[in-house]
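Structural overview for review
Listed below, chain by chain, are the residues.
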Amino acid sequence: MKFLISNDDGYFAPGLAMLAQTLSRHGEVVIVAPERDRSGASNSLTLDRPLTVRKAANGFHYVNGTPTDCVHLAVTGMLDFKPDMVFSGINHGPNMGDDTLYSGTVAAATEGFMLGIPSIAVSLAGYSGQHFASAGLVVDQLVERCKRTPFREPVLLNVNVPDIAPEALGQLTVTRLGRRHCAQPVIKSQNPRGETIYWVGPVGNVQDAGAGTDFGALANNDISVTPLMLDLTAYGQLDGIKTWLHHS
């Protein structure tokens, strides 16, 4: 198999190295990742300047752009083959619930999916970063399943792995996205010149972490596997909006 790998933590991130090491046991890997941390970049493309690709000493390619740029550039011009799968990660920290909308990790996989390639985003759902090997083990399991039973059409999966030792991991669990409360307020301060500056505040507390959610799975030390889709149409509102538009 041929794998394209990207992330949003940057080409130097330990999770990317673990992902590359894991997938290299299953086939050919090409790594195209951002030159710096682009967490929270979402699905942004760089359209106001050209992009450059450089190669690090370890063979990883890095781009002065976003995670989406990396996958788009690789698939539409850089590579002379179409990857069998795109993997993004292994992210240092969770990407669950509403956070998936902002995630550069998920965005890189989304771009692969949009280009017709089965794509999987993988995150280590903890901030200590002690157990990337656990996430690597899960990637191994997923690839073995893909080899035994290939996807019949492109899929987009968002996988979150508890940051615990491999022997403590629960089961692979298919989930839906949970929900958070609204984000906490921005943090206001001043720079040395006396100008007011703002830091984006912390994420909100979990609101929906019930049975079947990604948050619920992680609370039980299970691995969350959430299939995602890109159709943002609010089908339940179509008739209501038609009535609103044509109301005399």
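Residues numbered from 1 in each chain as written. Predicted model: local features only at pLDDT ≥ 70, side-chain atom pairs only at ≥ 80, totals over all residues. Heavy atoms only, no water.

Structural notes on the sheet that holds strand 13 (residues 223–227)
Pairing between the strands of a sheet comes from backbone hydrogen bonds, and it takes one of two forms, parallel or antiparallel. With mixed pairing, nine strands are arranged side by side in an open sheet as 3-4-2-1-5-6-7-13-8. The outermost strands of the open sheet, each flanked by one partner alone, are strand 3 (53–55) and strand 8 (172–174). Each strand of the sheet is rotated relative to its neighbour by a mean of 25°, with strand direction disregarded. Bridging between strand 5 (residues 85–92) and strand 6 (residues 119–125) involves five bridges; their strand directions are parallel. Each residue of the ladder has a partner; that of Phe87, found in strand 6, is Ile120. Set on the sheet, helix 4 (residues 132–148) makes contact with strand 1 (2–6), strand 5, strand 6, strand 7 (156–162), strand 8 and strand 13; between it and strand 5 the angle comes to about 165°. (Pairing = 2+ DSSP bridges. Helix = DSSP H or I, 4+ residues; strand = E, 2+ residues; numbered from the N terminus. Axes fitted to C-alpha atoms, helices over the stretch in contact; angles between N-to-C directions. Contact = heavy atoms within 4.5 Å.)

What to know about the UniProt feature "binding site: a divalent metal cation" (unreviewed entry) in the protein chain
Per the UniProt entry, the sites bearing "binding site: a divalent metal cation" (unreviewed entry) are Asp8, Asp9, Ser39 and Asn91 in this numbering. On the basis of their most widely separated C-alpha atoms, the annotated residues across 84 residues gather in one place, lying no more than 9.2 Å apart. With respect to the helices, strands and loops of the structure, Asp8 is situated in the loop between strand 1 and helix 1 (14–23). We classify Asp8 as buried; its relative accessible area is 3%. When neighbours within four sequence positions are excluded, Asp8 is seen to be in contact with Pro34, Arg36, Asp37, Arg38, Ser39, Gly40, Pro67, Asn91, Ser103, Gly104 and Thr105. Here the side chain of Asp8 touches Gly104 through a polar contact of 3.3 Å, landing on its backbone nitrogen. In this fold, Ser39 is placed in the loop between strand 2 (28–34) and strand 3. (UniProt positions renumbered as here; feature names shortened; annotations may be inferred. Buried < 20%, exposed > 50% of the residue type's maximum accessible area, 1.4 Å probe, protein only. Polar contact = N/O pair within 3.5 Å; in protein donor to acceptor, adjacent residues only side chain to side chain.)

Some words on the UniProt feature "domain: Survival protein SurE-like phosphatase/nucleotidase" (unreviewed entry) in the protein chain
UniProt annotation of "domain: Survival protein SurE-like phosphatase/nucleotidase" (unreviewed entry) refers to residues 4–182 when read in the numbering used here. Note that residues 4–182 is 28% helix and 24% strand, and that its end C-alpha atoms are spaced 35 Å apart.

A short note on the nonpolar core
One finds Leu23, Phe87, Ile90, Ile120, Val122, Val159 and Val161 to be the most contacted residues of the largest nonpolar core, which totals 31 residues. At the level of secondary structure, the elements contributing two or more residues to this core comprise strand 1, helix 1, strand 2, strand 5, strand 6, helix 4, strand 7 and strand 13. Ranked by the residues each element gives to this core, the list is headed by helix 4, at seven residues. Sequence-distant contacts of Val159, defined by excluding residues within four places in its chain, comprise Ile120, Ala121, Val122, Ser123, Val138, Leu142, Ile223, Ser224 and Val225. Of all hydrophobic cores here, the second largest spans 14 residues; its members include Val32, Val63, Ala74 and Leu79. (Core = buried A, V, L, I, M, F, W, Y, C linked by side-chain atoms within 4.5 Å.)

Some points on the pairing of strand 7
For strand 7, a buried count of seven out of seven residues is recorded, marking the element as mostly surrounded by other parts of the structure. Both faces of strand 7 are covered, namely the face carrying Leu156, Asn158, Asn160 and Pro162 and the face carrying Leu157, Val159 and Val161. Where strand 6 meets strand 7, seven bridges bridge the pair, whose relative direction is parallel. For Val122, the partnering residue across the bridge sits in strand 7 and is Val159. Between the parallel pair strand 6 and strand 7, the chain is carried across by helix 4, and the sense of this crossover is left-handed. Judged from the four bridges that link them, strand 7 and strand 13 form a sheet pairing that is antiparallel. Pairing of Leu157 across the sheet is with Pro227, part of strand 13. (Right-handed = clockwise from strand over helix to strand, strands pointing away.)

As for a nonpolar patch on the surface
Taken together, the side chains of Ile241, Trp244 and Leu245 make up a nonpolar region of the molecular surface, amounting to roughly 370 Å² of accessible area. Relative to the helices and strands, Ile241 is located in helix 6 (residues 238–246). Looking at Ile241, the relative accessible area reads 40%, which means it is partly exposed. (Patch = residues over 30% accessible without salt bridge, like charges linked within 9 Å, V, L, I, M, F, W, Y side chains within 5 Å. Areas by Shrake-Rupley, 256 points an atom, 1.4 Å probe, with all protein chains shown as cover. Salt bridge = Lys/Arg side-chain N within 4 Å of Asp/Glu carboxyl O.)

What about the packing of aromatic side chains?
Applying the stated criterion to the full structure yields three aromatic pairs. Ring centres 6.0 Å apart and planes at 65° place the aromatic pair Phe3 and Phe87 in the edge-to-face group. Taken together, the positions of Phe3 in strand 1 and Phe87 in strand 5 put the pair 84 residues apart, joining distant regions of the chain. For the pair Phe3 and Phe87, one class covers both residues: buried. Measuring from ring centre to ring centre gives 4.3 Å for Tyr11 and Tyr62, while their planes differ by 15°; the resulting arrangement is stacked. Highlighted residues: Tyr11 in the loop between strand 1 and helix 1 and Tyr62 in strand 4 (residues 61–63), separated in sequence by 51 residues. A relative accessible area of 23% means that Tyr11 is categorised as partly exposed. One aromatic cluster is present, built from ring pairs that chain together Tyr11, Phe12 and Tyr62. Just above the ring of Phe81 sits the side chain of Lys2; from NZ or CZ to the centre is 4.7 Å. (Phe/Tyr/Trp six-rings, centres within 6.5 Å; stacked < 30°, edge-to-face > 60°. Lys NZ or Arg CZ within 6 Å of the ring centre and 35° of its normal.)

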